[in-house]
Structures are given as structure tokens and as C-alpha cells.
Amino acid sequence: MITATNLTKAFGTRVLFADANLQLDAGQRVGIVGANGSGKSTLLRILIGEESPSGGEVQRPRNARMGVLRQDWFEFEQDTVLEVAMKGDGELWSAMQEKEALLENADAGGEFDVDRFGELEERIQALDGYTAEARAAEILVGLGIPPDKHHQPLSALSGGYKLRALLAQTLASNPDILLLDEPTNHLDIIAIKWLEGFLVQFKGLVAVVSHDHRFLDAICTHIADVDYEKVMVYTGNYAHFVKYKAEERGRQQTEIDRREKEIANHKAFVARFKAKATKARQANSRQKRLEKIVIERLPESSRRYPRFKLRARRPSGREVLKVRDVCKAYGDHIVLMDVNFDVYRGERVAIIGANGIGKSTLLKIMVDRLSPDEGTAQWGYEADAGYFPQDHKDALGDPTGTLTSSLWDEVPTAPIGEVYGRLAEVLFSRDDADKSIAHLSGGEAARLLFAKLGAQKPTVLVLDEPTNHLDLEGIESLADGLLEYDGTLLFVSHDRWFVDKLATRIIELTEDGLVDYPGTYAEYLVRGQGEDHLDAEAVMERQRAEKRARKKKNKARNQTGGAAGGVPGTPAPGQPGEGSGKSRKNRRRRGKR
């Protein structure tokens, strides 16, 4: 459906990608991935036709309908939410509006154009217009906008829900091609799961930029990787792509190592025998072969993995936090009611639930950024909380300050070299050090805030949607850093991969109250505790694999006669041996026989 030939995009001397060739067809769901700044969104805009390439061309079907997710809701502020969604199909909406105008004109005593009315009726029927409202309402509900909001003006919704309405508009546009840039932003886990189901059933072409591992695994049939100044398309979902790309890179590196070894052997032979008459001919032959060997170095990847070094300055007390009878309402809207739980040292607690249920409100109450209407949140002995808010630019201090000054505020006695080193760990170069806080992107601001938290060394980390602005490499690095963190972690996230990777305890906020589960996210779902936030079959398969691994390990242990590393024939600790009662009984039986 979309063909790109020799596609090149550059900004001055910086090349994002060159000579890319893509063939994207109906039925494919293509995830566009790459590091922040690699050109993912630029590639999507070129495919849409909103941006011109530096070279090459893009061919699109002339009559294909493209659904493009917009981020600008201002022109729809006075429309109802349902109207916003229905306007996605512009042709149908225009026909319906013209039909209504004809009827209103006739009711007011004006002339009624029967012929035009008939044409509009046929057009609306051909476009399946009489089910359009029901389809739009179904999509809105799937994205978490309840029916009682559908006839309210868009201006009555929060920013996150306005973006959901625009996503509904895109999905309701009856497109042949869907082009989506970060569609899971501002969606809760349930809405993301619904969107996955919608896209999997979609018959046309889907191209999507996303930083959500599990979303890409769930929907993608292909991955377009923007890296090494190229765009390469791989068959399969994101997990398959990561594995295949690593294997491919490994094969290339092995071939380079082999050829470098061959060059070294030739050089050694030439150096040793070039002056020896009996070997001079062979040495010259090898020298000629050596000159013909050309090794193409592997290009440098645009992917960068920050290092989030997070440590607690000292252990806290065993009881870290007590939340008792916390209630909070905004006007008549109650978001928290009688919330009670305790948190203990070393736990990694994921707080999950639908948007608007009060997760961020609860975190703000914990860190004393918001007062509850009733109840208390009390920290225990040596429980010092480091807070990562959703709007994290507010936590970076003076917007006119620089990266260096912002981080130096946390370690005022440290030498400038240490400050530069901490910035380098989160991918800021020396040239970035004087960059203004006000000019940071969302991902840059997030990395700087984690550098500040690393310098603070809090005994508790309280994180509100920490992955929102990070790329896939940043999310993976953050997960690794938090797994190594030796304090207590409480976090809110809609990223299922991230929650599954970290959580040792799940607290779900629901309209019926709080569900507190002492286990991992996968275990929580397998036991049927929560909504289907995760592929249960994938969880069961992982558990089966773990069980097979345990059986294999036990079998290997039995074959060696004991624990790993023991002497063959010696019993493992706790197993029957020469000195055990069971062995003595067996010897007595053999003696009787």
C-alpha cells in the first residue's frame, strides 16, 4: 500500500537514514522503533506526506483513506466528544451535516431539495452512516471514555482524555491505513489492551511508533528499525526483532574477527619469512592476498543505554510507610476512599488501575505534595522519599538554570568532574552541560531527574509514570537500575513490561476498593485477580518453561550424585548418606538377606 524507494532524510550534515526501501502492505502491522532522535517520527511523517524527504520518493494508493493520530485538539473544543469521534470520517460527517441542514431548512418553512436529499441518503447508506454513532461510541468506551461523557464538550475533558478522543476519531475514520505516533500515551492498561485487540483485527495497514515493549509484541507483524543511518524491516514482533538483530550483529562481528585473525596470520608470516630465500615467494604471495582483504567496520548504532545508578544512603526501618483511612475528593468526585496499606523495606510496589482512579493523587499524598481530606500517610524510621512526578520539569528547579547547576545543587561539595561524570552516565555530553533546563525534551528531563535522584540517595523511591518520555533503551536501563536499587520502591506505571519486570507486590485501585496482592504482576494475573492486562498464555508458558528448567536442574544434580559442584557419588546436603538412618536400615536389610 505504501512504497518508499531510496528514501533519505538529513538535517544539514546529520543523516537520519539513507537509501531506505520499504514495501508496506495491507494486513501488516509495522512497529517503527529506534533511539530518541533517530528519525522514527520523521519517517512516519514522510510516509503520511506531512514532511518531504531529502531524497527518494514515497508512493501511496490514490484512493486509500489514511487515519492519522493528531495531537491538536483545539479546533474541536466546542464539539461534543461523540462528534469529535464521528468527524474522523470527514466524507460521512459532511453528508450527515448537509442532510440535517436540509431538514432544518424545511422545518423552518424553506424549500426542500428532494433530489439532493435522496443523493445524501444514498451516500450515507453507502458509507454505513446509520451505524456510525454506535461505532464511535463503542470505540470511545473501549478507550476508557464512559457514555456519560460522550455528549459533553471536548473542553470538559482533561488533556489525556482529549487525546483519547482524538485517537477515537482516528480509529473511527474508516481508514485503509492507520499511522499512529505513540498511541498508548495517556492510556491506562485496560485501554491499551483494548487498542491491541482493535489493531489486531484491523484489516488494513498499520504503522506505529511506540516505546511500549508489550504493545509492540502484541500487535506487530513487522518491525522497521531506524538505526545505523538505515531503515531495516524485520518480520515478527519486537521480541523476535531484538533476538534476530543481536544474532545478526553477532554473526557479522564473528566474521570480522575471523578476517582480522587471518590478516594477523598473514602479517606474521610475511614479517618472519620475507627475508628468507626459500620462503620469499610464499611471503610475497601472502602479502598480495593481504592487500586484497578489505574489512568493512560495523557502523555505530544510534542506540544509547544510560546508566541509572540508584542507591539508598542507608537502610530504612523495616516499616517504611503506613497509609491509614486516606480519602480524597475533588468537588463531588471521590477518587480515594478509606485506603489502607503498609509498605515494608525492600518491597517494589506497583500501584495500578484505570486512569482517574487516584493513583497519582495517592502518590502526591504520600510525599506531602497534596493533603488528604481524611486519613494519614506516615513514613517510618529513616524513610526518606525521592519523588519523580509525572510533570517532572517542575522537579528540576530554575528553568533558566543549566544541567550542571541543577545536578550540582544535589552534590554541592563534589568536584566539577564528578558532576560531568554523573551527566555522562545518563547520556549528556560535555557540550550538553550548559544546556538550559527550559530547553530539555521530555526524555532529557527524565534522565536528568534520575541523575538527581541518584545523587540524593533516598531510601525510598516514589515514581509516577517514570517511563513516559524514555525510549526503549532508556526504559530497559531504568528497569535494570531499579532492580539493583537497595531501597524501597513505590511506582505507578501503565507499561506492563516495566511492571512485570519490577513489581514484587501489586496494589490495584478499583471503584470497589483496593486489591492488595503480595506477588509479581504475572502471578497476580494468572490467579485471576485483576483485569486481563497481560497475555495469560504467555505467563503460563513462562511458568511451564521455569518448571522445565527446575526439573532439568534437579535431573542434572541427581546424575552427579549431589549438589552442583559436589564430588560424584557424594550425597547432597539433606540427602541420605552413609551416616543417615535410611542408609543404616538398608544395610541391615542387605545383611539379613
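Residues numbered from 1 in each chain as written. Predicted model: local features only at pLDDT ≥ 70, side-chain atom pairs only at ≥ 80, totals over all residues. Heavy atoms only, no water.

**Some points on the overall build of the protein**
Next up, step 1: Scanning the protein for helices and strands turns up 19 helices and 18 strands.
Next up, step 2: Expressed as a percentage of the 593 residues in the protein, the buried residues total 45%.
Next up, step 3: Of the contacts made within the protein by residues no fewer than 6 positions apart, 65% connect residues no fewer than 24 positions apart.
Next up, step 4: Within the structure as shown, the protein displays about 30,800 Å² of accessible surface, and the carbon and sulfur contribution to it stands at 48%. (Helix = DSSP H or I, 4+ residues; strand = E, 2+ residues; numbered from the N terminus. Buried < 20%, exposed > 50% of the residue type's maximum accessible area, 1.4 Å probe, protein only. Contact = heavy atoms within 4.5 Å. Areas by Shrake-Rupley, 256 points an atom, 1.4 Å probe, with all protein chains shown as cover.)

**With respect to the environment of Asp434**
Next up, step 1: The residue Asp434 is located in the loop between α13 (416-425) and α14 (442-456) in this model.
Next up, step 2: Separated by 30 residues in sequence, Asp434 and Thr404 place their C-alpha atoms 6.4 Å apart.
Next up, step 3: Aside from chain neighbours lying at most four places away, what touches Asp434 is Thr402 and Thr404.

**A few points about helix α15 (residues 472-484)**
Next up, step 1: Over its 13 residues, α15 runs 19 Å from end to end, which matches the ideal 18 Å to within 8%, given 1.5 Å per residue.
Next up, step 2: By the criterion of burial, α15 is predominantly enclosed, with ten of the 13 residues buried. (Expected span 1.5 Å × (residues − 1).)

**Regarding the sheet that holds strand β14 (residues 385-388)**
Next up, step 1: If you walk across this open sheet you meet the six strands as β14-β15-β16-β12-β17-β18, and the pairing is mixed. This sheet does not close on itself; its edge strands, each paired only once, are β14 and β18 (513-517). When strand polarity is set aside, the average angle formed by the axes of neighbouring strands in this sheet is 15°.
Next up, step 2: Where strand β17 (residues 505-510) meets β18, five bridges bridge the pair, whose relative direction is antiparallel. Paired with Ile506 across the strands is Tyr517, a residue of β18.
Next up, step 3: Relative to strand β12 (residues 348-352), helix α11 (residues 359-366) is tilted by about 135°, and along the sheet it contacts β12, β14, β15 (460-464), β16 (488-492) and β17. (Pairing = 2+ DSSP bridges. Axes fitted to C-alpha atoms, helices over the stretch in contact; angles between N-to-C directions.)

**Focus: the pattern of salt bridges**
Two side chains carrying opposite charge are able to pair once their charged atoms lie near each other.
Next up, step 1: Under the counting rule described, the total for this entry stands at 33 salt bridges.
Next up, step 2: Notably, a salt bridge pairs Lys162 with Glu77, separated by 3.3 Å at the nearest N-O pair. Highlighted residues: Lys162 in helix α6 (residues 159-171) and Glu77 in the loop between β5 (66-68) and α2 (81-86), separated in sequence by 85 residues. The pair Lys162 / Glu77 is uniform in exposure class, with both members buried.
Next up, step 3: We note a salt bridge from Arg324 to Asp342, for which the minimum N-O separation is 2.7 Å. Here Arg324 is found in strand β10 (residues 319-330), whereas its partner Asp342 is found in strand β11 (residues 333-344), with 18 residues between them in sequence.
Next up, step 4: Given the relative accessible area of 30%, Arg324 is considered partly exposed.
Next up, step 5: Several salt bridges converge on common partners, so that one network encompasses Asp225, Asp227, Lys245, Arg303 and Glu473. (Salt bridge = Lys/Arg side-chain N within 4 Å of Asp/Glu carboxyl O.)

**Some details on the packing of helix α5 (residues 132-142) against helix α7 (residues 189-201)**
Next up, step 1: It is the contact of α5 with α7, at a shortest axis distance of 9 Å, that shows an interaxial angle of 135°. In terms of axis orientation, α5 runs oblique to α7. For the pair formed by α5 and α7, the contact residues are Glu138, Ile139 and Gly142 on the first element and Ala191, Trp194 and Phe198 on the second.
Next up, step 2: Looking at the contact of α5 with α7 residue by residue, the classes come out as four nonpolar, one polar and one charged. (Parallel < 35°, antiparallel > 145°, perpendicular 65-115°, else oblique. Nonpolar A, V, L, I, M, F, W, Y, C, P; charged D, E, K, R; others polar.)

**A closer look at the sheet that holds strand β9 (residues 230-235)**
Next up, step 1: Strand order in the open sheet formed by six strands is β5-β6-β7-β3-β8-β9, with mixed pairing between adjacent strands. This sheet does not close on itself; its edge strands, each paired only once, are β5 and β9. In this sheet, neighbouring strand axes are inclined to one another by 15° on average, regardless of whether the strands run parallel or antiparallel.
Next up, step 2: Relative to β9, strand β8 (residues 222-227) runs antiparallel, the two sharing six bridges. Of the residues in β9, the one forming a bridge with Val226 is Val231.
Next up, step 3: Contacts between α6 and the sheet are confined to β5 and β6 (177-181), with β6 contributing the most and set at about 160° to the helix.
Next up, step 4: α7 rests against β3 (29-33), β6 and β7 (205-209) of the sheet, and its axis sits at about 150° to β6.

**Re the packing of helix α3 (residues 90-107) against helix α4 (residues 114-126)**
Next up, step 1: Running from N to C, α3 and α4 point in directions that differ by 145°, and their axes come no closer than 10 Å. Handedness of the crossing formed by α3 with α4: left-handed. Note on element contacts: α4 touches α3 through Arg116, Phe117, Leu120, Glu121, Arg123 and Ile124, opposite Glu91, Leu92, Ala95, Met96, Glu98, Lys99, Leu102 and Leu103.
Next up, step 2: When its residues are assigned to classes, the contact of α3 with α4 shows eight nonpolar, no polar and six charged. (Left-handed = near helix turned anticlockwise from the far one by under 90°.)

**A look at the environment of Arg505**
Next up, step 1: When you line up the elements, Arg505 lands in strand β17.
Next up, step 2: A sequence separation of 155 residues divides Arg505 from Ala350, and the C-alpha atoms of the two residues are 6.3 Å apart.
Next up, step 3: Excluding its chain neighbours within four sequence positions, the residues that come into contact with Arg505 are Phe341, Asp342, Val343, Glu347, Arg348, Val349, Ala350, Asp516, Tyr517, Pro518 and Gly519.
Next up, step 4: A distance of 2.6 Å separates a polar side-chain atom of Arg505 from the backbone oxygen of Asp342. (Polar contact = N/O pair within 3.5 Å; in protein donor to acceptor, adjacent residues only side chain to side chain.)

**Things to note about the packing of aromatic side chains**
Next up, step 1: According to the stated counting rule, one finds nine aromatic pairs in the structure shown.
Next up, step 2: Linked through ring pairs, Tyr234, Tyr238, Phe241 and Tyr244 together constitute an aromatic cluster.
Next up, step 3: We note Lys328 situated over the ring of Tyr330; from NZ or CZ to the ring centre the distance is 5.7 Å.
Next up, step 4: The side chain of Arg447 reaches across the aromatic face of Phe428, ending 4.9 Å from its centre. (Phe/Tyr/Trp six-rings, centres within 6.5 Å; stacked < 30°, edge-to-face > 60°. Lys NZ or Arg CZ within 6 Å of the ring centre and 35° of its normal.)

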